[in-house]
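Chain residues, written in single-letter form:
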Amino acid sequence: MMSRSRFRFSALLAAVATASMLFAGLPEAMARGGGDDNSGSGNGGGGGHDALTLRINDSIGAPGGTVAVVLRTYAPRPVRQGQIHIKIRRPARPKDAKLGITFEDVTQPVRPLTMISTTVYSQNGDSVTQSALTGQPDSQTATVRFESPSGGVNASDGPMVVFRFRLAPSVSPGQRFELAIDPAQTSLVDAQGRPVTIEPRAAFLTVRAPKAPFLLEAEGDDVEPGEVAELGVQTQEPFPVSGGRVTLRYNQNLAGGQPVVRMDPRYGRSTFTVDRSKPGVLVVNFTSPDSTLNTVPGTIVAVDLPVSASAQVGARSPVTLDPAGTWLLTRTGRKVKIRIENGALEVE
């Protein structure tokens, strides 16, 4: 199971010293991170590999609450060291917006976050990190530098980096902030010491009302006939879950095989059972005795669904969560107040 690195004191001092020397040696050219090549072809670097998609997940938080900004990838590619810069700012105003100072300009903070911690996952538990949050007149920048001597970072796809922040109490429900990777200040180095070309994808941080329900989303996918669709159940905000059930419905006519369920331990410790007895209906029951599930938000239940090779291109069908058969439980066993959003599976 992947978790934060644990070192004896002497080993930690040695690792930090090693990381400091490596961080200091990051070449300036690598800081461009292949940001000019968003096509996914990887021609701008990365030792001939395709570009690695580095995506920020959308995030939600209540005023004064904890926010987790999660970066993930969609392909395993071992990384030995790197640096990532994220810019946090208000969205740009539409071109047709009225000029002048608005009420939000006066009352809402342009630097809404306070850093709590940063985690970089290594499959071998050997990552050493340095992180900081800096403020500019109109924005903030979160930076993390990391090193894994074994190249264990991103050895398996999924959540790679988690920034934890405290959201300012003065923000207003409905307010949004852009979360964007700065390609000019971001670089990754693979296990062989070669620069990795990245394809960054931005996201938003949305402020919810303190008593509003938590979002639970059915993830869909766009795939070609014969491929495996990556479906699942996703959260966007950290809150402890001790157990629950999700009932996911999909179009059985598009399926080319049985769905496979995974629960990544990086989202928290859990055990689960799966019921596939009804075609097109997937029921997953799960427990987390220490309530660590969803302390990192994201795809807490992942579903790999083979799509039929004979599926018609252009076919589109809903991927939904059954409200009557879907719930999450708090530490004390009470049902969490949730709102459900559904997705779609599209054959392209």
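Here the structure is a predicted model, which means the values were calculated and not measured. (Residues numbered from 1 in each chain as written. Predicted model: local features only at pLDDT ≥ 70, side-chain atom pairs only at ≥ 80, totals over all residues. Heavy atoms only, no water.)

1. Quick word on the pairing of strand S1 (residues 52–56)
The element S1 is largely enclosed, with a buried count of four among its five residues. Of the strand pairs in this sheet, S1 and strand S11 (residues 198–201) are connected by four bridges, and their pairing is parallel. Looking at S11, one finds that Leu-54 is bridged to Pro-200. Across two bridges, the pairing between S1 and strand S3 (residues 66–73) is antiparallel. Following the sheet pairing, Ile-56 is matched in S3 by Leu-71. (Buried < 20%, exposed > 50% of the residue type's maximum accessible area, 1.4 Å probe, protein only. Helix = DSSP H or I, 4+ residues; strand = E, 2+ residues; numbered from the N terminus. Pairing = 2+ DSSP bridges.)

2. Digging into empty space enclosed by the protein
One pass over the structure, following the stated rule, counts one cavity of 30 Å³ or more. Roughly 40 Å³ of volume is contained in the largest cavity. For the largest cavity, the full set of lining residues is Asn-57, Asp-58, Ala-68, Val-70, Thr-235, Gln-236, Pro-297 and Gly-298. (1 Å grid on protein atoms, 1.4 Å probe; cavity = no way out; pocket = protein on both sides within 12 Å on 5 of 7 lines; lining within 4 Å. Points joined across faces, edges and corners; volume = space filled by probe spheres on them.)

3. Focus: the environment of Gly-158
Looking at the secondary structure, you find Gly-158 in strand S8 (residues 158–167). Assessed through its relative accessible area of 4%, Gly-158 is described here as buried. Gly-158 has contacts with Leu-71, Arg-72, Thr-73 and Arg-266, leaving out every residue within four places of it along the chain. (Contact = heavy atoms within 4.5 Å.)

4. Here's the deal with the confidence of the model for the protein
With 81% of its residues at a pLDDT of at least 70, the protein reaches an overall mean of 87. The low-confidence segment residues 1–48, where pLDDT is below 50, has 87 contacts with residues more than four positions distant or belonging to other chains. (pLDDT = per-residue confidence, 0-100.)

5. With respect to the pairing of strand S13 (residues 214–219)
Counted residue by residue, S13 has six buried out of six residues, so it is predominantly covered. Alternating residues of S13 divide into Phe-214, Leu-216 and Ala-218 and Leu-215, Glu-217 and Glu-219, and every residue in both groups is buried. When S13 meets strand S23 (residues 338–341), the two strands line up parallel, connected through four bridges. Of the residues in S23, the one forming a bridge with Leu-215 is Arg-339. Taken together, the three bridges between S13 and strand S15 (residues 228–234) define a ladder with antiparallel strand orientation.

6. Thoughts on the nonpolar core
Most often, soluble globular proteins keep nonpolar side chains buried together rather than apart. Core analysis: the largest hydrophobic core is formed by 39 residues, its most contacted members being Phe-286, Val-301 and Leu-345. Elements represented by at least two residues in this core include exactly S3, S13, S15, strand S16 (243–249), strand S19 (281–287), strand S20 (299–306), strand S21 (316–321) and strand S24 (343–347). No other element matches the four residues that S20 contributes to this core. Not counting residues within four places of it along the chain, the set of residues in contact with Val-301 comprises Leu-231, Gly-232, Val-233, Val-246, Val-261, Arg-262, Met-263, Val-284 and Phe-286. Among the nonpolar cores identified, the runner-up in size contains 32 residues, and Leu-52, Phe-165, Val-196 and Ala-203 belong to it. (Core = buried A, V, L, I, M, F, W, Y, C linked by side-chain atoms within 4.5 Å.)

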